[in-house]
Every structure is written in structure tokens, then in C-alpha cells.
Amino acid sequence: MTAAATAFRGVYGTGCEGVWAAPGRVNLIGEYTDVNDGFVMPLALPLRTGVAARARADGRLRLHSADIPGGVVTVAPDELRPGAVRGWAAYPAGVLWALREAGHAVAGADLHVESDVPVGAGLSSSAALEVATALALDGLYGLGLARPELAGLARRAENAFAGVPCGIMDQTAAACCEAGHVLFLDTRDLTRRHLPFDLAAHGLRLLAVDTRVKHDLGEGEYARRRAGCEAAARALGVRALRDVPYGELDAAVRELRAVPGAGALVRHVVSENERVRAVAALLDAGDPRAAGPLLTAGHASLRDDFAVSCPELDLVVATATGAGALGARMTGGGFGGSAVVLTDETTADTVERAVTAAFAAAGYATPRVFAVEAGEGARRVG
């Protein structure tokens with residue numbers, strides 16, 4: 001990320017005060033549970049978004065991306081309000097807005113952004129940008145905010161400023177993950193446990209498969225699923241679907257027979273929370289291999305009950321498991337994006353070749369496949 005400092009000088013004609021970076025993430029298991037007060041299990045990717053930054057005294061925010069054409073975007077102080085900033089600039093602008101709304105004395109800044117987290121791949125590029133920006137502004141202005149607080153402010157930026165009704169998982173993963181661990185997060189009370197995730201020690205590998213099918217969760221499908229879950233919770237008389245016991249799932253689905261589609265949403269969320277708990281127990285017991293079938297079951301639930309998969313994601317899962325993978329599932333919001341595949345190291349190359357060949361045979365774009373190791377969360381890098 002030192003190149004970001006050099007590029008900053010080229011854009012703004014002066015040096016930056018520092019460079020901060022935050023990772024993308026894959027979610028091992030626990031999809032659409034964070035918007036239902038449930039459990040999730042993300043890990044940080046080695047792919048990162050870097051922000052080179054310098055403070056400004058005039059309240060203006062100037063933004064430049066090495067990856068998005070269009071030059072410098074300038075946001076004046078009176079434009080820093082929800083709905084006034086569009087496109088990629090809404091995410092860092094939203095962070096500045098959220099910090100000010102929370103009462104923090106933050107003036108303006110010049111920011112230069114460089115990222116290798118692919119946009120629209122379900123790897124949380126927006127959260128990486130938000131958290132890197134939040135950490136940069138925290139550093140520039142000496143706010144001393146704790147990582148969970150930075151994550152919460154970044155989430156508020158995405159919800160209230162950028163207009164995406166996401167949960168807290170992505171921002172918490174970007175801010176708080178530890179290398180060599182997955183993050184077992186209770187999204188209601190935000191308690192966290194870092195579970196060891198050394199797959200190599202078990203002869204295993206985790207592959208991420210970017211289908212190259214782009215999604216845009218601001219288009220409304222994500223919001224519709226969330227609203228449906230909230231309506232189902234109200235109908236069942238609970239605060240959130242997290243409060244429906246797994247042992248009472250069938251009764252809850254029967255109770256919702258008169259509400260079209262509600263039972264399927266509940267079935268996914270309640271069973272997915274149970275799968276997250278089961279995977280946590282397996283990791284605690286030192287048996288990650290046994291998590292494979294739970295990943296595949298999670299994908300079937302997302303495909304059939306939550307209806308957020310797509311043909312390319314389904315092809316990854318079917319082909320990978322057919323080629324000997326232990327388990328596979330879509331990761332992220334769906335409607336495209338990426339899948340994760342748990343496999344033996346000895347069969348990883350076979351699985352990758354099989355998935356690539358299946359995409360070619362189906363006439364799809366060649367997927368991007370790469371091995372994932374649990375990385376570290378956001379930090380200053382320069």
C-alpha cells in the first residue's frame with residue numbers, strides 16, 4: 001500500500017499523513033442472519049482497500065480512486081447529507097457524515113483510494129472502503145475510537161447515507177478480524193470470539209470462487225428479504241427471527257402458512273443460525289473437515305428458501321462437491337458474487353479445474369478462483 005502514498009502526491013500535489021487499509025471478507029457461514037440479530041462467522045481476506053489521507057481544515061472532502069475513472073470528487077460541507085452523494089463516493093462521504101453525526105470533531109480530508117477487493121463480488125468491498133476511511137479519519141483527528149465503534153459508524157454510513165440496509169457483519173469483520181482465525185460474532189450483543197482456523201494443519205484449503213456476476217444490493221432484493229424477515233418476526237411475536245428456537249421451527253412455519261413466502265424466510269434464518277453454532281462447535285473441537293456438509297446445506301437453504309442464489313453460484317457448488325470438495329456455498333448477499341469451497345489440499349486443483357471447465361461449458365465468463373487464508377483486520381500500513 002506504499003504505492004498509495006506516492007499516488008496521493010501525484011493527485012493532490014502534496015504528501016499524505018498516512019495510509020490505512022481494511023480487508024474484504026468471506027463469510028464462512030451465517031448468511032442473512034446478521035439482519036435478524038443472529039450469528040455469523042466471517043474471516044478477513046488478504047485483499048485490501050487502502051486509503052492515503054491528509055486532513056483539511058475547510059470541511060471539504062476530496063476523493064480520488066485509482067480504480068474508478070472520473071478524477072477527483074469534491075464534496076462540499078453543505079452536500080454532506082444522505083442522498084446528496086452518489087456512486088462509490090457515497091461510502092467514504094457517509095463515514096465522514098456518520099462521524100460528525102456522532103459528535104466527533106472531524107473537519108475535511110483529501111483521500112486517495114486503491115483496492116484489490118473486487119467490486120460486486122460478494123467480498124464486501126464497500127465495508128472495506130468504509131472501515132479504511134473510518135480508521136484514516138480516526139487517525140488523522142486522534143479520535144481514539146475502538147474498532148467495534150468504528151464498525152458501527154461504518155455500518156451507519158452504509159445504511160443511512162448510502163442507502164443499503166446491511167447488517168453489522170461486514171464492517172465488524174473488516175475492523176476486528178484476526179489473522180489465522182474466523183470471527184464468531186453475535187450480531188445482537190456484538191460479543192466476539194476468534195476461533196482458530198488453520199486449515200493447512202488439517203490438510204485442507206478454502207477456495208473463493210468469484211463468478212464475475214455483479215450484484216447491486218441497493219437494487220431492492222436485499223431490502224425486500226430483510227423487510228420480509230422483520231414482518232415474519234412481528235407475526236410470530238418475537239423481537240427478531242433469532243429468537244425462534246430451532247426446536248420450534250416447524251411450528252413457526254405452520255403459524256405463518258397464511259403469509260406468502262414468510263415460512264421459507266424463517267426456515268432459512270433459524271436453520272442457518274443452528275448451522276453457525278454447529279460449525280463453531282466443530283472448530284472448537286479441532287474438526288473443520290466436518291463443517292463441509294453444513295456449508296452445502298447452507299447453500300441449499302439460501303437457494304431454495306431464501307431465493308438469493310443464481311445459476312452460476314449453483315454451478316460452483318454442484319461442480320465443486322461433485323469433484324470431491326467437502327462442502328461449498330455462496331457467500332455474501334447473493335444474486336451473483338462469490339462462493340466458498342472447503343476441500344482437501346490434494347483435491348483443490350482438481351476442484352478448481354472442474355469449476356473452470358463447467359463455466360466454460362455453460363458459456364459463462366471464466367471465474368476467478370483463489371485460496372483464502374484468514375487475514376488480519378484494518379490497520380495503519382504507512
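Worth saying up front: this structure is predicted, and the values here are computed from it rather than measured.

1. Concerning the pattern of salt bridges
Link 1 in the chain: Evaluation of the coordinates by the stated rule reveals 21 salt bridges.
Link 2 in the chain: Across the pair Asp 170 and Arg 25 runs a salt bridge whose closest N-O atoms are separated by 2.7 Å. Here Asp 170 is found in helix H5 (residues 169-176), whereas its partner Arg 25 is found in strand S1 (residues 18-29), with 145 residues between them in sequence. Each of the two residues, Asp 170 as well as Arg 25, counts as buried.
Link 3 in the chain: Three or more residues are tied together by salt bridges with common partners; here these are Glu 31, Glu 272, Arg 275 and Arg 329.

2. Quick notes on the UniProt feature "domain: Galactokinase N-terminal" (unreviewed entry) in the protein chain
Link 1 in the chain: Listed under "domain: Galactokinase N-terminal" (unreviewed entry) in the UniProt record, and renumbered for this structure, are residues 7-54.
Link 2 in the chain: Between the C-alpha atoms that bound residues 7-54 there is a distance of 13 Å. The span itself is 12% helix and 58% strand.

3. Re the nonpolar core
Link 1 in the chain: Residues Val 51, Leu 61 and Leu 137 are the most contacted members of the largest nonpolar core, which totals 41 residues.
Link 2 in the chain: Here this core gets 8 residues from one element, more than from any other, and that element is helix H3 (residues 125-141).
Link 3 in the chain: With sequence-adjacent residues up to four places away left out, Val 51 is seen in contact with Gly 18, Val 19, Trp 20, Leu 111, His 112, Val 113, Leu 129, Ala 132, Thr 133 and Ala 136.
Link 4 in the chain: In terms of nonpolar packing, the next biggest core, distinct from the first, is built from 39 residues, Leu 207, Val 266, Leu 302 and Phe 306 among them.

4. Some thoughts on the packing of aromatic side chains
Link 1 in the chain: Throughout the structure, instances matching the rule amount to 6 aromatic pairs.
Link 2 in the chain: A ring pair is formed by Phe 359 and Tyr 364, whose centres lie 5.5 Å apart and whose planes are at 75°; its orientation type is edge-to-face.
Link 3 in the chain: Relative accessible area serves as the criterion here: at 0%, Phe 359 is assigned to the buried category.
Link 4 in the chain: Grouping aromatic residues by their ring pairs yields a cluster made of Tyr 32, Tyr 222 and Phe 306.

5. Structural notes on the packing of helix H4 (residues 147-161) against H5
Link 1 in the chain: With their axes 8 Å apart at the nearest point, H4 and H5 run at an angle of 145° to one another. With respect to the hand of their crossing, H4 and H5 are arranged in right-handed fashion. Only Gln 171, Thr 172, Ala 175 and Cys 176 of H5 make contact with H4, whose side of the interface consists of Arg 147, Pro 148, Ala 151, Ala 154, Arg 155 and Glu 158.
Link 2 in the chain: Taken together, the residues of the contact of H4 with H5 break down into 5 nonpolar, 2 polar and 3 charged.

6. Comments concerning the UniProt feature "binding site: substrate" (unreviewed entry) in the protein chain
Link 1 in the chain: Annotation from UniProt places "binding site: substrate" (unreviewed entry) at Glu 31, Tyr 32, Thr 33, Asp 34 and Tyr 222. A compact arrangement is adopted by the annotated residues: their sequence extent is 192 residues, whereas the largest C-alpha distance between any two is 12.5 Å.
Link 2 in the chain: Structurally, Glu 31 can be placed in the loop between S1 and strand S2 (39-56).
Link 3 in the chain: If we skip the residues at most four places from it in the chain, Glu 31 touches Met 169, His 268, Glu 272, Leu 302, Arg 329, Met 330, Thr 331 and Gly 332.
Link 4 in the chain: Residues contacting Asp 34, with those up to four places away along its chain left out, are Val 40, Gly 167, Ile 168, Met 169, Thr 187 and Tyr 222.

Parameters at a glance
- Residues numbered from 1 in each chain as written.
- Predicted model: local features only at pLDDT ≥ 70, side-chain atom pairs only at ≥ 80, totals over all residues.
- Heavy atoms only, no water.
- Salt bridge = Lys/Arg side-chain N within 4 Å of Asp/Glu carboxyl O.
- Helix = DSSP H or I, 4+ residues; strand = E, 2+ residues; numbered from the N terminus.
- Buried < 20%, exposed > 50% of the residue type's maximum accessible area, 1.4 Å probe, protein only.
- UniProt positions renumbered as here; feature names shortened; annotations may be inferred.
- Core = buried A, V, L, I, M, F, W, Y, C linked by side-chain atoms within 4.5 Å.
- Contact = heavy atoms within 4.5 Å.
- Phe/Tyr/Trp six-rings, centres within 6.5 Å; stacked < 30°, edge-to-face > 60°.
- Axes fitted to C-alpha atoms, helices over the stretch in contact; angles between N-to-C directions.
- Left-handed = near helix turned anticlockwise from the far one by under 90°.
- Nonpolar A, V, L, I, M, F, W, Y, C, P; charged D, E, K, R; others polar.

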